[in-house]
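# Observations on the three-dimensional arrangement
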Amino acid sequence: MKVLYNNQFKNRDEVVIDIEDRGYQFGDGIYEVMRVYNRNVFTLDEHLARFVRSAAELKIQLPYSVEDIKTMLLELVEQNHLEEGSIYVQITRGTSMRNHSFPAQSVSPVLIAYPLPKKNPSQEQQQGIKMKLVEDMRWLRCDIKSLNLLYNVMAKQEALDHQCYEALLHRNGTITEGSSTNFFAVKDGKLYTHPANNLILNGITRLEIRKLCEANDMTMIEKELTINGIESFDEAFITSTTLEIVPVTQIDDTVIGQGEPGEMTKRLQMLFQALI
Ligand code: PMP
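Small disclaimer: the values here were computed from a predicted structure and weren't measured. (Residues numbered from 1 in each chain as written. Predicted model: local features only at pLDDT ≥ 70, side-chain atom pairs only at ≥ 80, totals over all residues.)

### Side note on the environment of Ala113
- Residue position: Ala113 is located in strand 6 (residues 110-116).
- Considering only alpha carbons, one finds Ala113 and Glu231, 118 residues apart in sequence, at a separation of 42 Å.
- In contact with Ala113, not counting residues within four places along its chain, are Leu4, Leu73, Leu76, Ile87, Tyr88 and Val89. (Helix = DSSP H or I, 4+ residues; strand = E, 2+ residues; numbered from the N terminus. Contact = placed C-beta atoms within 7 Å.)

See below:
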């Protein structure tokens, strides 16, 4: 496997991350996961725009221009002959003696990128999944795609421990998102999802769903849903770069709709497949 390390391509075992890398010690960094379909990086510009935004929010100075990063990521796909799969990209604030305050300007951020193998979520996409309600106890800047994923990891495991595929996070009864997915519900033919504010990550797939709704005469409303309303959902689904659109058929003990993927969900799945 070829790995991008700053602006060099190396074999995986040649890349050494320092014990004082701030990503390792503080989670002081950001990342993106992008999907490769047929050797093309899907929504590459959108992912890079979010990467730039996350970096700016954390005051991490990107050491390369967006154009250069784009060129290097495309080269990574080539060097790995990656037909189908994903690429993981992260940048940390850099390596410096352990200290909470930002290091000196002379410390450069560390960029790495490497391919992830293709996940095949087709069973989930066809049959749907169960979600487990978990209280959202993350920090209040969930809009930044930072390396601090500890609560996301814990929530996901809590779901798995209860034979559920994904956690459905709620803050005082307001549904926010999944541990690594955005959440949507259909009620009376309209699609609802949490507004893109500091409480969720504004998913690139979420943005594609919005475009698909606009282009196909479907209504998507960005409005908070509450856990009290779960029984009134006709359909529900989650989205992410790796899962695309996965129907939700049960949340805790509540069966959603008929307990199988809903019509609007299936229509969006079809439209999404046509996009990619
Ligand atoms: N929310 C969270 C917390 C996530 O980690 C992810 C996956 N990166 C998403 C939503 C979905 O985002 P995207 O569609 O950009 O993969």
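Past the structure itself, the notes keep going.
### Here's the deal with the packing of helix 2 (residues 44-57) against helix 3 (residues 66-79)
- Between helix 2 and helix 3, the shortest axis-to-axis distance is 11 Å and the interhelical angle comes to 130 degrees. In terms of orientation, helix 2 and helix 3 fall into the oblique class. The handedness of the crossing between helix 2 and helix 3 comes out as right-handed. Contact residues: Leu44, Leu48 and Val52 in helix 2; Val66, Ile69 and Lys70 in helix 3.
- In terms of residue class, the contact of helix 2 with helix 3 is built from five nonpolar, no polar and one charged. (Axes fitted to C-alpha atoms, helices over the stretch in contact; angles between N-to-C directions. Parallel < 35°, antiparallel > 145°, perpendicular 65-115°, else oblique. Left-handed = near helix turned anticlockwise from the far one by under 90°. Nonpolar A, V, L, I, M, F, W, Y, C, P; charged D, E, K, R; others polar.)

### Section: the environment of Arg39
- Relative to the assigned elements, Arg39 resides in the loop between strand 3 (29-37) and strand 4 (40-41).
- Judged by local crowding, Arg39 falls into the exposed class, with 12 C-beta atoms found within 10 Å.
- As for Arg39 and Glu83, which are separated by 44 residues in sequence, their C-alpha atoms are 4.5 Å apart.
- Once residues within four sequence positions are removed from consideration, Arg39 is found in contact with Val77, Leu82 and Glu83. (Buried ≥ 20, exposed ≤ 12 C-beta atoms within 10 Å, placed from the backbone.)

### A few points about the nonpolar core
- In terms of nonpolar packing, the biggest core is built from 32 residues, with Met131, Leu168, Phe184 and Val248 touching the most fellow members.
- Broken down by secondary-structure element, the contributors of at least two residues to this core are strand 7 (129-135), helix 5 (150-161), strand 8 (166-171), strand 10 (182-187), strand 11 (190-193), helix 6 (204-215), strand 14 (235-240) and strand 15 (244-251).
- Here Met131 is in contact with Ala159, Cys164, Glu166, Ala167, Leu168, Val248 and Ile251, once residues within four sequence places are set aside.
- Listed in part, the 20 residues of the second largest apolar core include Ile30, Met34, Leu44 and Ala113. (Core = buried A, V, L, I, M, F, W, Y, C linked by C-beta atoms within 7 Å.)

### Points about the pairing of strand 6
- Note that strand 1 (residues 2-5) and strand 6 share two bridges and pair antiparallel. Following the sheet pairing, Tyr5 is matched in strand 6 by Ile112.
- With seven bridges joining them, strand 5 (residues 85-92) and strand 6 adopt antiparallel strand pairing. Note that in strand 6 the partner of Thr92 across the bridge is Val110. (Pairing = 2+ DSSP bridges.)

### Considerations on the sheet that holds strand 5
- The strand order 2-1-6-5-3-4 describes an open sheet built from six strands, whose pairing is antiparallel. Each edge of the sheet is formed by a strand with only one pairing partner; in this case those strands are strand 2 (8-11) and strand 4.
- In the sheet, strand 3 pairs with strand 5 via eight bridges, with the strands oriented antiparallel. Residue pairing for strand 5: Ile30 is matched across the bridge by Ile91.
- Sitting on the sheet, helix 2 touches strand 3, strand 4 and strand 5, and the angle it makes with strand 3 is about 175 degrees.

### Regarding the domain arrangement of the chain
- In terms of domain boundaries, the chain breaks down into domain 1 (2-116) and domain 2 (122-275).
- One C-alpha centre belongs to domain 1, the other to domain 2; they are set 27 Å apart.
- Facing the 18 residues of domain 1 at the interface are ten residues of domain 2.
- The set of elements that each furnish at least two residues to the side of domain 1 that touches domain 2 consists of strand 3, helix 2 and strand 5.
- Sort the elements by how many residues they give to the side of domain 1 that touches domain 2 and strand 3 lands first, with seven residues. (Domains from an automatic or database assignment.)

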